[in-house]
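Architecture and fold: a report
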Amino acid sequence: MAIADTVAPDLMATYDQAVPGAVLGIEKGDISGTPALIVNRDKLIDLALYLRNRQGFDYLSCLTAVDYLGFAGRTAADRFEVVYHLFNTKKGGDGIVLKVRLPEHDPQLPSLIKVYPGADLQEREAYDLFGIRFQGHPRLRRIFLWEGFHGHPMRKDWKEPYYEEEHKPFKSRWPAGHYQWAEDRVPWGDNVRYPAGWDPDTFTPPPPPVPVIYEPPEWASLKTEHIIVNMGPQHPSTHGVFRMIVALNGETIVGLEPECGYLHRNHEKIGERNTWLGNIPFTDRLDYLSSMSNNFGYVLAVEKLMGERGKPPERAEYLRVIMAELTRICNHMWSVGFLLNDLGAFFTPALYTIEERELILDLFEAAAGSRMMCNYMRFGGVVRDVDDDWLARCRDIVFNRLERRIDELETYLTKNEILMARCIGVGLLSAEDAIALSVCGPMLRASGVPYDVRRARPYSIYDRFEFDVVTDDGCDVYARYKVRIGEMRQSVRILKQALDQIPEGPILNGKPSYVTRVEKGESYAAVEGPKGELGFYVVSDGSDNPWRYHIRAPSYINLNSLAPMSIGYKIADAIIALGAIDIVLGETDR
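The text that follows walks through the structure, step by step, so that each part is easy to find. (Residues numbered from 1 in each chain as written. Predicted model: local features only at pLDDT ≥ 70, side-chain atom pairs only at ≥ 80, totals over all residues. Heavy atoms only, no water.)

**Thoughts on the overall build of the chain**
Looking only at helices and strands, the chain has 20 helices and 15 strands in total. Counting only residues that meet the buried cut, the chain has 57% of its 590 residues in that class. In the form shown here, the chain has an accessible surface area of approximately 24000 Å², with 54% of it arising from carbon and sulfur atoms. (Helix = DSSP H or I, 4+ residues; strand = E, 2+ residues; numbered from the N terminus. Buried < 20%, exposed > 50% of the residue type's maximum accessible area, 1.4 Å probe, protein only. Areas by Shrake-Rupley, 256 points an atom, 1.4 Å probe, with all protein chains shown as cover.)

This is the structure in structure tokens:
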């Protein structure tokens, strides 16, 4: 696992001089060779400050944990590992990985929330699902599960109700003539466990969370009592089963706490039971408005572990880009429509956004057999080709229709005085705050930060296309709307080039196979999805199933910005601030 001997000593010397005793060793943080620093937990904050302030790693993209119980070469002394992926928003590049190894009996380490505020929700997720404690985190409580939930389900020794086997396909699912429902085999019993001493007749649930309240300035003339209001969970104003706990001073928001988990089904636990291939249709269900992009990010991560066997043919690369950019247009059309819905408009989004999306979904249905859950991409390519008729229909939409419809949308909206009055100056988020909070995608670029994974860390064949990274320095809801409009235009630009250049040839490297052979190791791959950086961190022990399967979900991490964007504004403004983030709860809760 050690990186090249010619590199490691130089790196070790650099870090030993800068932060003595912080780096215990260096490994591959990715099978492609990205360095991973094994960090002394007592020096974690010092090293993070050095990396941020002196080496430019200002962006904490992904934070997760791994339980190595039973993994070859690991013991109780280093059972848990917390993994950080850091990047430089100014220079781009592969970034750097930090790993902190924790013993079984004492899984705790310092919180990085004061260095990287974007660690907030990600540390809470690791605490909830792995039981790892982050010292100094101001709100370290469960984020997906209720406070009385028994155990931490991502641990390898945690078994869910009606547990059958560790890996799919479960033997009981095979038609061998002795099938019996799992629910009948274990009716209730001890399969549903509660914390020690828990009595359902006397249990009192913990009090609901109270958001941190920011007092109004001294010059405020009217003093009122604070009231706590629950906004959600309901549809559509909170975009699904999502709850905002809001503290109000009059009609002004002085505190806000996002509360999710109402749709949580532990997608990652399921992913570690599935085969590598079996996870592809599960990615469709994350951001169910952008399933092609979900497929894309996951197959890229696994293909790194496959080496040359995972390299897609040229035609497949072009098909992937075409599907991803059509998905971006679909998503942004829908996002603009929902934003208008949050503002009180109904007719315009129905006329100008849903219709275009439907035409693109027709293309998806013809290629993948499904309109929303497009299980299309495969390791080493795509599942099926498209014919000349499909390409002709796609060219007609891209070359003759989409730009005109975007023009019409702008004619009605961009200078609309109601939209401008409601959105300009609302939900302000500076460039510095956006980077610190790990915000990504149109949210980040609408704060003036020209960071796009397609340019900063090019993947697939994006380096072959001419397109601009769309930014706006308005830092408000209106800027986020304009960035999405601009990105649709750039997607059309990419699509025209891809459709002109797509070659003939095979669409899959090798033959279709249910069993996927991958190398032992780990990889992180990310795509610039419609909502931002969608990353997959996977660990392989060389078997047919992932040892660790984690999704860096932009919908979830972008919620770090919701409270900063809402405090000081009115209730109605919080609705459109949330709408401008463009979350999908299937991806948020997983």
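There is more to say, and it comes next.
**Let's talk about a nonpolar patch on the surface**
A surface patch of nonpolar side chains, amounting to about 230 Å² of accessible area, comprises Val-241, Tyr-262 and Leu-263. Checked against the element boundaries, Tyr-262 lands in the loop between strand 10 (252-259) and helix 5 (267-273). (Patch = residues over 30% accessible without salt bridge, like charges linked within 9 Å, V, L, I, M, F, W, Y side chains within 5 Å. Salt bridge = Lys/Arg side-chain N within 4 Å of Asp/Glu carboxyl O.)

**Re helix 16 (residues 477-501)**
When the terminal C-alpha atoms of helix 16 are compared, their 36 Å separation across 25 residues agrees well with the 36 Å that a helix rising 1.5 Å per residue should span. Counting buried positions over the 25 residues of helix 16 gives 19, a clear majority of the element. (Expected span 1.5 Å × (residues − 1).)

**Some thoughts on the environment of Met-333**
Assignment of secondary structure puts Met-333 in helix 8 (residues 314-343). With a relative accessible area of 0%, Met-333 lands in the buried category. Sequence spacing of Met-333 and Ile-406 is 73 residues, and the spatial spacing of their C-alpha atoms is 9.0 Å.

**A closer look at the side chain of Lys-269**
Looking at the element boundaries, Lys-269 is found in helix 5. We note that Lys-269 is buried and unpaired, the nearest opposite charge coming from Glu-166 at a distance of 5.3 Å. Looking at Lys-269, its side chain comes within polar contact range of the main-chain oxygen of Arg-155, at 3.0 Å. (Lys, Arg positive; Asp, Glu negative; His and termini not counted. Polar contact = N/O pair within 3.5 Å; in protein donor to acceptor, adjacent residues only side chain to side chain.)

**Some thoughts on the nonpolar core**
Formed by 169 residues in total, the largest nonpolar core has its most connected members in Leu-47, Tyr-84, Leu-326, Tyr-376 and Trp-390. The element that contributes the greatest number of residues to this core is helix 8, accounting for 15 residues. Contacts of Leu-326, omitting those with residues within four sequence positions, involve Ile-360, Leu-363, Phe-364, Trp-390, Cys-394, Val-398 and Leu-495. (Core = buried A, V, L, I, M, F, W, Y, C linked by side-chain atoms within 4.5 Å. Contact = heavy atoms within 4.5 Å.)

**Observations regarding the sheet that holds strand 15 (residues 548-552)**
Spatially, three strands are ordered 13-14-15 in an open sheet, and the strand pairing comes out antiparallel. Every other strand in the sheet has two partners, leaving strand 13 (521-529) and strand 15 as the edge strands with one partner each. Each neighbouring strand pair of the sheet contributes to a mean axis angle of 10°, computed without reference to strand direction. In this sheet, strand 14 (residues 532-540) lies alongside strand 13 in antiparallel orientation, the contact comprising nine bridges. Each bridged residue has a counterpart across the sheet, and for Ala-525 the counterpart in strand 14 is Phe-536. Along the sheet, helix 7 (residues 291-306) makes contact with strand 13, strand 14 and strand 15, crossing strand 13 at roughly 150°. (Pairing = 2+ DSSP bridges. Axes fitted to C-alpha atoms, helices over the stretch in contact; angles between N-to-C directions.)

**As for the pairing of strand 15**
Counted residue by residue, strand 15 has five buried out of five residues, so it is predominantly covered. Side chains Arg-548, His-550 and Arg-552 project from strand 15 onto one buried face, and the interleaved Tyr-549 and Ile-551 project onto a second face that is buried too. Sheet topology places strand 14 next to strand 15; five bridges connect them, and they run antiparallel. Looking across to strand 15, one finds that Val-538 is bridged to Tyr-549.

**Focus: the packing of aromatic side chains**
This structure, assessed with the given rule, holds 17 aromatic pairs. Ring geometry for Tyr-15 against Tyr-50: centres 6.2 Å apart, planes inclined by 85°, an arrangement best described as edge-to-face. Placement of Tyr-15 in helix 1 (residues 8-18) and of Tyr-50 in helix 2 (residues 44-53) is noted, with a sequence separation of 35 residues between them. The pair formed by Tyr-15 and Tyr-50 is uniform in burial state, with each residue classed as buried. Linked through ring pairs, Phe-296, Tyr-318, Tyr-459, Tyr-462, Phe-465 and Phe-467 together constitute an aromatic cluster. One cation-aromatic arrangement involves Arg-74 over Tyr-68; the distance from NZ or CZ to the ring centre is 4.0 Å. Here Arg-455 stacks its cationic end above the ring of Phe-467, 3.9 Å away from the centre of that ring. (Phe/Tyr/Trp six-rings, centres within 6.5 Å; stacked < 30°, edge-to-face > 60°. Lys NZ or Arg CZ within 6 Å of the ring centre and 35° of its normal.)

**A word on the pattern of salt bridges**
Close approach of charged atoms allows side chains of opposite charge to pair. According to the stated counting rule, one finds 53 salt bridges in the structure shown. A salt bridge links Arg-139 to Glu-257, with the nearest nitrogen and oxygen atoms 3.6 Å apart. Here the residue Arg-139 occupies a position in the loop between strand 7 (133-135) and helix 4 (182-185), and Glu-257 occupies one in strand 10, the gap between them amounting to 118 residues. Residues joined in a network through salt bridges with shared partners are Glu-27, Arg-74, Asp-78, Glu-81, Lys-99, Arg-101 and Glu-522.

**A look at the packing of helix 8 against helix 11 (residues 402-413)**
Running from N to C, helix 8 and helix 11 point in directions that differ by 20°, and their axes come no closer than 13 Å. It follows that helix 8 is roughly parallel to helix 11 by the angle criterion. Of the two elements, helix 8 crosses helix 11, and the hand of that crossing is left-handed. Residue-level inspection shows Ile-329, Met-333, Val-336 and Leu-340 of helix 8 in contact with helix 11, the latter providing Leu-402, Ile-406, Leu-409 and Leu-413. The class makeup of the residues in the contact of helix 8 with helix 11 is eight nonpolar, no polar and no charged. (Parallel < 35°, antiparallel > 145°, perpendicular 65-115°, else oblique. Left-handed = near helix turned anticlockwise from the far one by under 90°. Nonpolar A, V, L, I, M, F, W, Y, C, P; charged D, E, K, R; others polar.)

**Focus on helix 11**
For helix 11, spanning twelve residues, the distance from its first C-alpha to its last is 16 Å, which sits close to the expected 16 Å at 1.5 Å a residue. Of all the positions in helix 11, only Leu-402, Arg-405, Ile-406, Leu-409 and Leu-413 are classed as buried. Projected down its long axis, helix 11 shows its buried positions confined to an angular sector of 100°, all on one face. Turned more than 90 degrees away from the buried face of helix 11, the exposed residues are Arg-404 and Thr-411. (Arc of directions from axis to C-beta.)

**Looking at the sheet that holds strand 1 (residues 23-28)**
Taken in spatial order, the five strands make up an open sheet running 1-2-5-4-3, and their pairing is mixed. Edge positions in the sheet fall to strand 1 and strand 3 (59-67), since each has one partner strand and no second. The mean angle between the axes of side-by-side strands here comes to 25°, regardless of whether they run parallel or antiparallel. Here strand 2 (residues 35-39) pairs with strand 5 (residues 96-102) via three bridges, running parallel. Directly across from Ile-38, in strand 5, lies its bridge partner Lys-99. The strands touched by helix 2 are strand 1, strand 2, strand 4 (80-87) and strand 5; relative to strand 5, the strand with the most contacts, the crossing angle is about 175°. Each of strand 3 and strand 4 is contacted by helix 3 (residues 119-130), which is oriented at about 5° to strand 3, the strand it contacts most.

**With respect to the side chain of Thr-283**
Structurally, the position occupied by Thr-283 is in helix 6 (residues 280-283). At a separation of 2.9 Å, a polar atom in the side chain of Thr-283 contacts the side chain of Asn-295. Setting aside anything within four residues of it in sequence, one finds Thr-283 in contact with His-267, Asn-294, Asn-295, Tyr-298, Phe-536 and Tyr-549.

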